[in-house]
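Topology and contacts: notes
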Amino acid sequence: WGPAHGPLAVLLALTSVGYVLYHFGAKGLEARSRGSARAVVSGRLLGVLTLGVPGLAWAALAAPGLLKVWAAPSLAGLGTGAGLALLLLPFLWLAAGGEAHRAHYPQIRAARWTPGLTALEAGSWAAYLIAYEWCFRGLLVCGLADAIGLWPALLCGTALYVLAHLEKGIGECLACVPMGLVFGVLAWATQSLWPPILLHLVIALAGNLFAVARDPNRSFGWAPDSAQAPPSEVSGGEAAREPPERS
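The paragraphs below set out a description of the structure included in this document. (Residues numbered from 1 in each chain as written. Predicted model: local features only at pLDDT ≥ 70, side-chain atom pairs only at ≥ 80, totals over all residues. Heavy atoms only, no water.)

Quick word on the overall build of the protein chain
Along its length, the protein chain carries nine helices and two strands. In sequence order, the secondary structure elements of the protein chain are arranged as α-α-α-α-β-α-α-α-α-β-α. Classification of the 247 residues of the protein chain by burial places 45% in the buried group. Residue pairs in contact within the protein chain that sit at least 24 positions apart in sequence constitute 79% of those at least 6 positions apart. On the protein chain, roughly 11400 Å² of surface is accessible, and the fraction owed to carbon and sulfur atoms is 73%. (Helix = DSSP H or I, 4+ residues; strand = E, 2+ residues; numbered from the N terminus. Buried < 20%, exposed > 50% of the residue type's maximum accessible area, 1.4 Å probe, protein only. Contact = heavy atoms within 4.5 Å. Areas by Shrake-Rupley, 256 points an atom, 1.4 Å probe, with all protein chains shown as cover.)

Quick look at the structure:
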């Protein structure tokens, strides 16, 4: 350990503090208005600020070469991300039919999903996951790989990714082990964050929107007048107590 490791220490401190600020900040927003679109979207935007911006500043000053992960991916890399997403869709549809899944999703607990709400869901997820993948795969995998080696970086990044999902239960935590490795390998192999961002975005949107489609108490429609949480959740049911996403 020496002065040359200073930037690495700053990187680890930034990601740790950034995630803590996001986690407890998002929980505070959720506590004020459980499951509302405003609370969930505000939590995701907070994630953009705490997970994305500090790491970009660090990379610009200490490791400008790392910014190459924002370059456009090859068609093969983008196609790999899209192909993996398509393979997962049937499994996500099946999972969305279970009560355990619908206890967590959709995060926005509205009963009626209008086109505007669906667009807000997609846009906020996209912004959040761009910052999230930059933090977990850009900084913690690609950023650490040169210092400690690829596989140690992949394992460290995946372990932290699993820990970030502890609130979602053992099933989702176990699923995060292979998916964390897939996201990390995809980012490293393509030298671009866009394939894992695409894959993660499809998983997140499908997990939420499939839950709406398969929940008898929710529906898609044009009229916003019933876009409130189902009565069981308004009264403080288990689903209403779930915190914002840690995907």
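Quick look at the packing of helix 1 (residues 6–32) against helix 2 (residues 37–62)
Remark: helix 1 packs on helix 2, axes separated minimally by 8 Å, with the N-to-C direction vectors making an angle of 170 degrees. In terms of their interaxial angle, helix 1 and helix 2 are classed as roughly antiparallel. On the side of helix 1, the interface is formed by Pro7, Val10, Leu11, Leu14, Gly18, Tyr19, Leu21, Tyr22, Gly25, Ala26, Leu29 and Glu30, while helix 2 contributes Ala39, Val40, Ser42, Gly43, Leu46, Gly47, Thr50, Leu51, Pro54, Trp58 and Ala62. Residues belonging to the contact of helix 1 with helix 2 are distributed by class as follows: 16 nonpolar, six polar and one charged. (Axes fitted to C-alpha atoms, helices over the stretch in contact; angles between N-to-C directions. Parallel < 35°, antiparallel > 145°, perpendicular 65-115°, else oblique. Nonpolar A, V, L, I, M, F, W, Y, C, P; charged D, E, K, R; others polar.)

Focus: the pattern of salt bridges
Following the criterion strictly, the structure yields six salt bridges and no others. One salt bridge in this structure joins Asp215 and Arg102, with 3.9 Å as the shortest N-O distance. Separated by 113 residues along the polypeptide, Asp215 in the loop between helix 8 (194–214) and strand 2 (219–220) and Arg102 in helix 4 (residues 99–102) bring together distant segments of the chain. Look at Asp215 and you get buried, because its relative accessible area is 9%. (Salt bridge = Lys/Arg side-chain N within 4 Å of Asp/Glu carboxyl O.)

Here we look at helix 6 (residues 150–163)
For helix 6, with 14 residues, the first-to-last C-alpha span of 20 Å sits near the 20 Å given by 1.5 Å per residue. Within helix 6, burial applies to Ala153, Leu154, Gly157, Thr158, Tyr161 and Val162. The buried residues of helix 6 occupy an angular sector of 165 degrees when the element is viewed end-on, so they sit on one face. Turned more than 90 degrees from where helix 6 packs its buried face, Leu155 and Leu163 sit exposed. Those residues of helix 6 hidden inside the fold are in contact with helix 5 (115–148), helix 7 (170–190) and helix 8. (Expected span 1.5 Å × (residues − 1). Arc of directions from axis to C-beta.)

Focus on the packing of aromatic side chains
Per the stated rule, a full pass over the model turns up twelve aromatic pairs. Relative to Phe136, the ring of Tyr19 has its centre 6.3 Å away and its plane inclined at 90 degrees; by these criteria the two rings are edge-to-face. Residue Tyr19 is found in helix 1, and its partner Phe136 is found in helix 5; the two are separated by 117 residues along the sequence. Owing to a relative accessible area of 16%, Tyr19 belongs among the buried residues under this scheme. (Phe/Tyr/Trp six-rings, centres within 6.5 Å; stacked < 30°, edge-to-face > 60°.)

A short note on the layout of surface pockets
Any empty space left between atoms is shown by rolling a water-sized probe over those atoms. Its boundaries defined by the atoms lining it, the largest pocket holds a volume of some 600 Å³. In this structure, the largest pocket is lined by 28 residues; those nearest its centre are Leu92, Tyr105, Glu172, Ala175 and Ile203. Broken down by secondary-structure element, the contributors of at least two residues to the lining of the largest pocket are helix 3 (75–95), helix 4, helix 7 and helix 8. In terms of residue count, helix 7 provides more of the lining of the largest pocket than any other element does, eight residues in total. Looking at the lining of the largest pocket residue by residue, the class counts come to 16 nonpolar, nine polar and three charged. (1 Å grid on protein atoms, 1.4 Å probe; cavity = no way out; pocket = protein on both sides within 12 Å on 5 of 7 lines; lining within 4 Å. Points joined across faces, edges and corners; volume = space filled by probe spheres on them.)

Some details on empty space enclosed by the protein
The full count for this structure, using the stated rule, is two cavities of 30 Å³ or more. One number sums up the size of the second largest cavity: a volume of about 40 Å³. Taken together, Leu14, Thr15, Gly18, Tyr19, Thr50, Leu51, Pro54, Gly55, Cys135 and Leu139 form the lining of the second largest cavity. Contributions of two or more residues to the lining of the second largest cavity are made by helix 1, helix 2 and helix 5.

Considering the environment of Leu11
On the secondary structure map, Leu11 appears in helix 1. Judged by relative accessible area, which is 1%, Leu11 ranks as buried. Each C-alpha atom of the pair Leu11 and Ala62 lies 9.3 Å from the other, and the pair is 51 residues apart in sequence.

Let's talk about the nonpolar core
Within the largest apolar cluster, 45 residues are counted, with the highest numbers of intra-cluster contacts made by Leu51, Tyr132 and Phe136. Within the residue set of this core, elements represented by two or more residues are helix 1, helix 2, helix 3, helix 5, helix 6, helix 7 and helix 8. For this core, the element with the highest residue contribution is helix 5, accounting for 13 residues. Every residue in contact with Leu51, bar those within four places of it in the chain, is listed here: Gly18, Tyr19, Tyr22, Tyr128, Ala131, Tyr132, Trp134 and Cys135. Among the nonpolar cores identified, the runner-up in size contains eight residues, and Val41, Ala110, Leu117 and Val212 belong to it. (Core = buried A, V, L, I, M, F, W, Y, C linked by side-chain atoms within 4.5 Å.)

All we've got here are geometric facts, nothing functional implied.
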